[in-house]
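Here is how the chains run, residue by residue.
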Amino acid sequence: MDLQRVFRHLFAPDWLVVRVFPHAALRRIEAAVRQSEASHRGELRVAVEAGVGLLPLLRGVTRRGRALEAFARLRVWDTEENSGVLIYLQLVDRDIEIVADRCISALVGQAQWDAICHRMEKAFRARRFEQGVLDGIAEITTLLNTHFPARNKNPDELPNRPVML
């Protein structure tokens, strides 16, 4: 167990999320999600977490594990076409994980999601948080336009506003 990491997480204030993503940035991200979803059948959800609590850290939770927990808790899987995509942002470690529901996972490989995460993490390291998220949404939109284009019926099934965990 990395004690430095534990202390970073335990002392990460919740207001870190608002500092990194002020309300205006969250509105722009929400608008980007809404615009993205208009062009494909996927449903995007952005979840932001400042730090992870003590118990998950002691259990050795990974970013993937944490993202899967958020995927389930936020019911990203609960779409008509199993077309949810979660963008999980963990600010203390500047980690990003993308989790796609089964219909999209069958069409888009994990290597493609990982490449988008790495580019977003690079922007985060440069302290370009909002732009990193917007660029990630744009890349995801391109993938979903290719593999899961919109049809006549294209309901908006999940909230577009980023959620703070």
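This one's a predicted model, so the numbers in the text were calculated from it and none came from an experiment.

Peer 1: Honestly, the layout of surface pockets in this entry has me stumped. Any pointers?
Peer 2: Here the idea is plain: a probe the size of a water molecule rolls over the atoms and shows the empty space left. Empty space within the largest pocket amounts to approximately 190 Å³. Here the lining of the largest pocket takes three residues from helix α2 (residues 15-20), the largest share from any one element.

Peer 1: Sorry, what's going on with empty space enclosed by the protein here?
Peer 2: Throughout the structure, instances matching the rule amount to one cavity of 30 Å³ or more. One number sums up the size of the largest cavity: a volume of about 40 Å³. Surrounding the largest cavity, R5, V52, V61, T62, R63, R66, Y88, Q90, D93 and D95 form its lining. Considering only residue class, the lining of the largest cavity consists of three nonpolar, two polar and five charged.

Peer 1: Hey, could you run me through the side chain of R41 in this one?
Peer 2: By the secondary structure assignment, R41 is in the loop between α3 (23-37) and β1 (43-49). A polar atom in the side chain of R41 sits 2.5 Å from the backbone oxygen of P149. In this structure, R41 is in contact with E81, S83, F148, P149, A150, R151 and N154, ignoring residues within four places of it in sequence.

Peer 1: Quick question: what am I supposed to make of the sheet that holds strand β4 (residues 163-164) here?
Peer 2: Neighbouring strands of a sheet are bound in pairs by backbone hydrogen bonds; such pairs are parallel or else antiparallel. Taking strand neighbours across the sheet as the criterion, the four strands line up as β3-β2-β1-β4 in an open arrangement whose pairing is mixed. Each edge of the open sheet carries a strand with a single partner, namely β3 (95-100) and β4. Sheet topology places strand β2 (residues 84-90) next to β3; six bridges connect them, and they run antiparallel. From the neighbouring strand, L86 faces β3, where its bridge partner is V99. The strands touched by helix α7 (residues 110-125) are β2 and β3; relative to β3, the strand with the most contacts, the crossing angle is about 150 degrees.

Peer 1: I'm lost on a nonpolar patch on the surface in this one. Help?
Peer 2: Taken together, the side chains of L3, F7, L10, F11, L54, L55 and L58 define a hydrophobic patch exposed on the protein surface, amounting to about 740 Å² of accessible area. Counting residues per element, the ones that place at least two in the nonpolar patch are α1 (3-10) and α4 (54-58). In this fold, F7 is placed in helix α1. Under the relative-accessibility criterion, F7 is labelled partly exposed at 48%.

Thresholds, definitions, all that
Residues numbered from 1 in each chain as written. Predicted model: local features only at pLDDT ≥ 70, side-chain atom pairs only at ≥ 80, totals over all residues. Heavy atoms only, no water. 1 Å grid on protein atoms, 1.4 Å probe; cavity = no way out; pocket = protein on both sides within 12 Å on 5 of 7 lines; lining within 4 Å. Points joined across faces, edges and corners; volume = space filled by probe spheres on them. Helix = DSSP H or I, 4+ residues; strand = E, 2+ residues; numbered from the N terminus. Nonpolar A, V, L, I, M, F, W, Y, C, P; charged D, E, K, R; others polar. Polar contact = N/O pair within 3.5 Å; in protein donor to acceptor, adjacent residues only side chain to side chain. Contact = heavy atoms within 4.5 Å. Pairing = 2+ DSSP bridges. Axes fitted to C-alpha atoms, helices over the stretch in contact; angles between N-to-C directions. Patch = residues over 30% accessible without salt bridge, like charges linked within 9 Å, V, L, I, M, F, W, Y side chains within 5 Å. Areas by Shrake-Rupley, 256 points an atom, 1.4 Å probe, with all protein chains shown as cover. Salt bridge = Lys/Arg side-chain N within 4 Å of Asp/Glu carboxyl O. Buried < 20%, exposed > 50% of the residue type's maximum accessible area, 1.4 Å probe, protein only.

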